[in-house]
2 protein chains.
Amino acid sequence: MSEFDLIRRHFTRATPGALLGVGDDCALLQATPGRVLAVSTDMLVSGTHFFPDADPYGLGHKTLAVNLSDLAAMGAVPRWATLAISLPAADDMWLEQFSAGFFALAARYGVDLVGGDTTRGPLNLCVTIFGEVDAQQALRRSGAQVGDEIWVSGTLGDAALALAHMQGRVRLEDDEFASCAVALHQPQPRVALGLALRGLAGSAIDISDGFLADLGHILDASGVGAEIDFLALPVSDVVRRRFVASYLLSGGDDYELCFTAPVSRHAEVLAIGQEIDLPLSCVGRIVAGHGCFVRDGDGKLIDTEGAGYDHFR
Amino acid sequence: MSEFDLIRRHFTRATPGALLGVGDDCALLQATPGRVLAVSTDMLVSGTHFFPDADPYGLGHKTLAVNLSDLAAMGAVPRWATLAISLPAADDMWLEQFSAGFFALAARYGVDLVGGDTTRGPLNLCVTIFGEVDAQQALRRSGAQVGDEIWVSGTLGDAALALAHMQGRVRLEDDEFASCAVALHQPQPRVALGLALRGLAGSAIDISDGFLADLGHILDASGVGAEIDFLALPVSDVVRRRFVASYLLSGGDDYELCFTAPVSRHAEVLAIGQEIDLPLSCVGRIVAGHGCFVRDGDGKLIDTEGAGYDHFR
């Protein structure tokens, strides 16, 4: 199969939302007047972000999901994506599964794949995603205010626990692993939440490098500090049973949203969670100063040195 | 150096053309009313597109240049780019040189680097580029008409000859190699030409996979054939001296433009070449039917089987 056959067979679908999709030097996209473009790019590398033998369907899903998660954290409506792939060989079965996972998620969010590149090399998947948002409503990292509540969607730590099991660092029962592995392999981008938070949340970020590290980006950008109630952090039954604090605080790959909102809007936030059927937990407060202080049930500070994932540390 | 320090030090510059640049979940971009976005992505992989010990400054240039070349082929004004990098290690010197080469070319074309991703893995460079163009003036591949002339900018084959020398397949003198190597390592995207051709050329493509392969894409998209005069193909003195037909016809990495225009506009095309100081050569005609026929000085057909670069063939 040639490079062009491969693109035609696996990556060329209808692009009703684009003027011109795959197959020219560029795609042509008509932006919605009055909105601004929200753009993000994420690269997934075999051996760094996933195991070389990862299920290709799940990998197709995750490759798009981590990018949709960035749009969600900005409150943007997903529109288009490009996909560049480097592959060791043109494996037709693998590509069929990968593209099926990718396009299933794309269809759910109305995302058109409008362009890409396919080349030979170590397995590497790079998506650039495009959404649209009103400039005034975009959920930036810099809008946290002293006194705001800090919220987290879903649960934290499941993906990190599943990874620890796969790496032999913990030993889960089959049913425990199965429930955690969903978070690791098929993360659900919180697009509906991000859209609902427009005009309500002062700041937002998606949790990809670990809760403390990502909250830290909000604090840095906003010039504020935070007090976190460790026992308020939302955990699944499995993570609660296998309790390891570091998975909650610094486990990566959760793709939940962390956001801030005024105390006066507490009930509105809870109502959004009910409406979209996603638990939202208030886990702390924005305070003056800088740094993030995590307290246990007795009010004692928990040591959080070295939390968060960094590819080059 | 951490991942975040690395991004801050090497890849965070002012982004006067963006509402929000590097450092949030997404960049925010305000598109120009009345224009459409032209988007393209290209991935360069160590060992496939360049030698692992390639000069990082040149690589920074080329990584952006090949993407600008796609905008040029669409007649789009360059605006923004994202850059995702996978690196084996955080090599400060390498990154300083790479980013210097990237930003020098970005500055020349007013491109803001608005986002990216930095991760650990085999060396891989993925740029997504954004330009703007009037939808009616975009230079698509599908607009070639029977009777149109076929044009090529600059010269063909220099990059392929330089690569052949580096791979030991030919032996060039030092001065010969130096003159060819510029085409391979520091290709000049033909942005000014693409912009000048709006409203004039019926179709255009950039020559990255080889002249015949890329012209073939125009022919396929337009449902036409072509007659090419081999002796009219533009070559540098070195390529003429070291004459190997395959470098001209199927050598990749030239990043010149191939375009079609009505015969009635022949003089206008030549005038554009003079104005932007870039030789433009009329190399053949669009004909009815399909296929591309290349004739030598005696009018005999040249065998062109297997021309063009394909990553998976």
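Residues numbered from 1 in each chain as written. Chains lettered and ligands numbered in written order. Predicted model: local features only at pLDDT ≥ 70, side-chain atom pairs only at ≥ 80, totals over all residues. Heavy atoms only, no water.

Novice: Please clarify how the overall build of chain A should be interpreted in this entry.
Specialist: Looking only at helices and strands, chain A features 10 helices and 11 strands. Computed over the C-alpha atoms, the radius of gyration of chain A is 20 Å, within 12% of the 20 Å expected from 2.2 N^0.38 for a compact globule of 313 residues. With respect to the three principal axes, the spread of C-alpha positions in chain A is 65 × 50 × 35 Å. A total of 313 residues make up chain A; the buried ones form 56% of that total. (Helix = DSSP H or I, 4+ residues; strand = E, 2+ residues; numbered from the N terminus. Rg over C-alpha atoms; globule rule 2.2 N^0.38 Å. Buried < 20%, exposed > 50% of the residue type's maximum accessible area, 1.4 Å probe, protein only.)

Novice: It is not clear to me how the UniProt feature "binding site: Mg(2+) 4" (unreviewed entry) in chain A should be interpreted in this structure. Could you clarify?
Specialist: Mapped onto the present numbering, the UniProt feature "binding site: Mg(2+) 4" (unreviewed entry) falls at Asp25, Ser40 and Asp70 of chain A. Over a stretch of 46 residues, the named residues are scattered through the fold, their C-alpha atoms separated by up to 26.5 Å. Relative to the helices and strands, Asp25 of chain A resides in the loop between α1 (3–11) and β1 (27–29). Other than its neighbours up to four places away in sequence, Asp25 of chain A contacts Ser40, Asp70, Ala73, Met74, Arg141, Ala204, Ile205 and Asp206 of chain B. Of note, Ser40 of chain A is situated in strand β2 (residues 36–45). (UniProt positions renumbered as here; feature names shortened; annotations may be inferred. Contact = heavy atoms within 4.5 Å.)

Novice: Is there a simple way to explain the relation of the copies chain B and chain A in this structure?
Specialist: For the pair of chain copies, the relating transformation is a rotation about an axis with a translation along it. After a rotation of 180° and a shift along the axis of 0.0 Å, chain B superposes on chain A with an RMSD of 0.0 Å. When the rotation and shift are considered jointly, the pair of chain copies conforms to a two-fold rotation axis. Interface overlap between copies: 100% of the residues of chain B at the interface are likewise at the interface in chain A, consistent with a symmetric, same-surface contact. (Least-squares fit on C-alpha atoms with pLDDT ≥ 70 in both.)

Novice: I tried to follow the sheet that holds strand β7 (residues 203–206) of chain A on my own but got confused; where do I start?
Specialist: Residue and element names in this part refer to chain A. Strand order in the open sheet formed by six strands is β7-β9-β6-β10-β8-β11, and the pairing between neighbours is mixed. Strands with a single pairing partner mark the edges of an open sheet, and in this sheet they are β7 and β11 (291–295). Strand after strand, the sheet turns through a mean of 25° between neighbouring axes, direction not considered. (Pairing = 2+ DSSP bridges. Axes fitted to C-alpha atoms, helices over the stretch in contact; angles between N-to-C directions.)

Novice: Sorry if this is basic, but what is going on with the state of the cysteines here?
Specialist: Every disulfide links exactly two cysteines, by a covalent bond between their sulfur atoms. Tallied over the full model, the rule gives zero disulfides over all chains. Among the cysteines around Cys126 of chain A, which has no disulfide bond, Cys126 of chain B carries the closest sulfur, lying 3.5 Å off. Cys258 of chain A takes part in no disulfide bond, and the closest cysteine sulfur to it belongs to Cys292 of chain A, at a distance of 9.0 Å. (Disulfide = S-S within 2.5 Å.)

Novice: Could you clarify how one ought to interpret helix α5 (residues 174–185) of chain B in this entry?
Specialist: For an α-helix, 3.6 residues make a turn, and residues three or four places apart therefore share a direction. When the terminal C-alpha atoms of α5 of chain B are compared, their 16 Å separation across 12 residues agrees well with the 16 Å that a helix rising 1.5 Å per residue should span. Looking at the packing, one finds that the buried side of α5 of chain B touches α2 (56–74), α4 (158–166) and α8 (237–241) of chain B. (Expected span 1.5 Å × (residues − 1).)

Novice: Looking at this structure, I do not really get the pattern of salt bridges. What am I missing?
Specialist: Applying the stated criterion across every chain yields a total of 21 salt bridges over all chains. We note a salt bridge from Arg35 of chain A to Asp134 of chain A, for which the minimum N-O separation is 3.3 Å. One end of the pair, Arg35 of chain A, is in the loop between β1 and β2; the other, Asp134 of chain A, is in the loop between β5 (124–133) and β6 (149–153), with 99 residues separating them in the sequence. Classification of Arg35 of chain A by relative accessible area gives partly exposed; the value is 28%. Classification of Asp134 of chain A by relative accessible area gives partly exposed; the value is 29%. Glu256 of chain B is the salt-bridge partner of Arg190 of chain B, the closest N and O atoms lying 2.8 Å from each other. Taken together, the residues Arg190 of chain B in the loop between α5 and α6 (191–196) and Glu256 of chain B in the loop between α9 (245–250) and β9 (257–261) connect sequence positions 66 residues apart. (Salt bridge = Lys/Arg side-chain N within 4 Å of Asp/Glu carboxyl O.)

Novice: Would you mind showing me how to read the pairing of strand β4 (residues 112–120) of chain B here?
Specialist: Every regular strand shows the same layout, with side chains that alternate between the two sheet faces. Residue and element names in this part refer to chain B. With respect to burial, β4 is a largely interior element, seven of its nine residues being buried. Alignment of strand β3 (residues 77–87) against β4, held across eight bridges, turns out to be parallel. Along β4, the bridge assignment pairs Leu87 with Arg120. The β-α-β motif built from β3, the intervening helix α3 (residues 92–108) and the parallel element β4 has right-handed crossover chirality. (Right-handed = clockwise from strand over helix to strand, strands pointing away.)

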